[in-house]
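# A look at the structure
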Amino acid sequence: RHLRLAHLSCLVRQAEVAVKEYEECGTGEGIAKWQKCFDCGQRFHGPVLLALGWAGWKTYLGRPETDMFRCIGGGILGNALQQN
């Protein structure tokens with residue numbers, strides 16, 4: 001088993017870029033980058049999922065309450081809090 005490390009800020013930036021690409025072009029992974037590794041495809045868990053959940057919530061909090069990414073971001077945070 002390989003130990004893979006990544007900076008949280010890098011994971012957040014990759015997720016933000018993926019959502020922007022999805023919004024602007026309709027391509028890419030969109031919100032999935034907040035939940036799974038871009039490299040191996042495994043879902044995040046534990047402290048990494050929790051940190052990304054908080055970061056995603058903070059990123060989209062300023063959007064309208066009906067915004068899809070704000071709603072999904074809140075759901076990701078909720079799931080992360082429940083799992084941790």
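Going by the structure above, here's the rest.
The notes below deal with the structure included here. As the structure is a prediction and not an experimental result, all values here were calculated from the model.

How each quantity is defined
- Residues numbered from 1 in each chain as written.
- Predicted model: local features only at pLDDT ≥ 70, side-chain atom pairs only at ≥ 80, totals over all residues.
- Heavy atoms only, no water.
- Axes fitted to C-alpha atoms, helices over the stretch in contact; angles between N-to-C directions.
- Helix = DSSP H or I, 4+ residues; strand = E, 2+ residues; numbered from the N terminus.
- Parallel < 35°, antiparallel > 145°, perpendicular 65-115°, else oblique.
- Left-handed = near helix turned anticlockwise from the far one by under 90°.
- Contact = heavy atoms within 4.5 Å.
- Nonpolar A, V, L, I, M, F, W, Y, C, P; charged D, E, K, R; others polar.
- Core = buried A, V, L, I, M, F, W, Y, C linked by side-chain atoms within 4.5 Å.
- Buried < 20%, exposed > 50% of the residue type's maximum accessible area, 1.4 Å probe, protein only.

### Notes on the packing of helix 2 (residues 46-60) against helix 3 (residues 68-83)
Between helix 2 and helix 3, the least distance of the axes is 8 Å, while the angle of their chain directions is 155°. The angle between the axes of helix 2 and helix 3 places the two elements in the roughly antiparallel class. The hand of the helix 2/helix 3 crossing is left-handed. Mapping the contact onto sequence places Leu 49, Leu 50, Gly 53, Trp 54, Trp 57 and Tyr 60 in helix 2 and Phe 69, Arg 70, Gly 73, Gly 74, Ile 76, Leu 77, Ala 80, Leu 81 and Gln 83 in helix 3. In the contact of helix 2 with helix 3, the residues fall into 10 nonpolar, four polar and one charged.

### Examining the nonpolar core
Ranked by internal contacts, the top residues of the largest apolar core, which has 15 residues, are Val 19, Ile 31, Trp 34, Phe 44, Leu 52 and Tyr 60. Those elements that provide at least two residues to this core are helix 1 (8-25), helix 2 and helix 3. Residue contacts for Trp 34: discarding those within four places in its chain leaves Val 12, Ala 15, Glu 16, Val 19, Phe 44, Leu 52, Ala 55, Gly 56, Thr 59, Tyr 60 and Ile 76.

### A closer look at the packing of helix 1 against helix 2
Two packed helices can be described by the angle between their axes and the distance between those axes. Their axes nearest at 10 Å, the elements helix 1 and helix 2 cross at an angle of 50°. Overall, the two elements helix 1 and helix 2 adopt an arrangement that is oblique. Between helix 1 and helix 2 the crossing geometry is right-handed. In contact with Leu 8, Leu 11, Val 12, Ala 15, Glu 16 and Val 19 of helix 1, helix 2 contributes Val 48, Ala 51, Leu 52, Ala 55, Thr 59 and Tyr 60. When the residues that make up the contact of helix 1 with helix 2 are grouped by side-chain class, the tally is 10 nonpolar, one polar and one charged.

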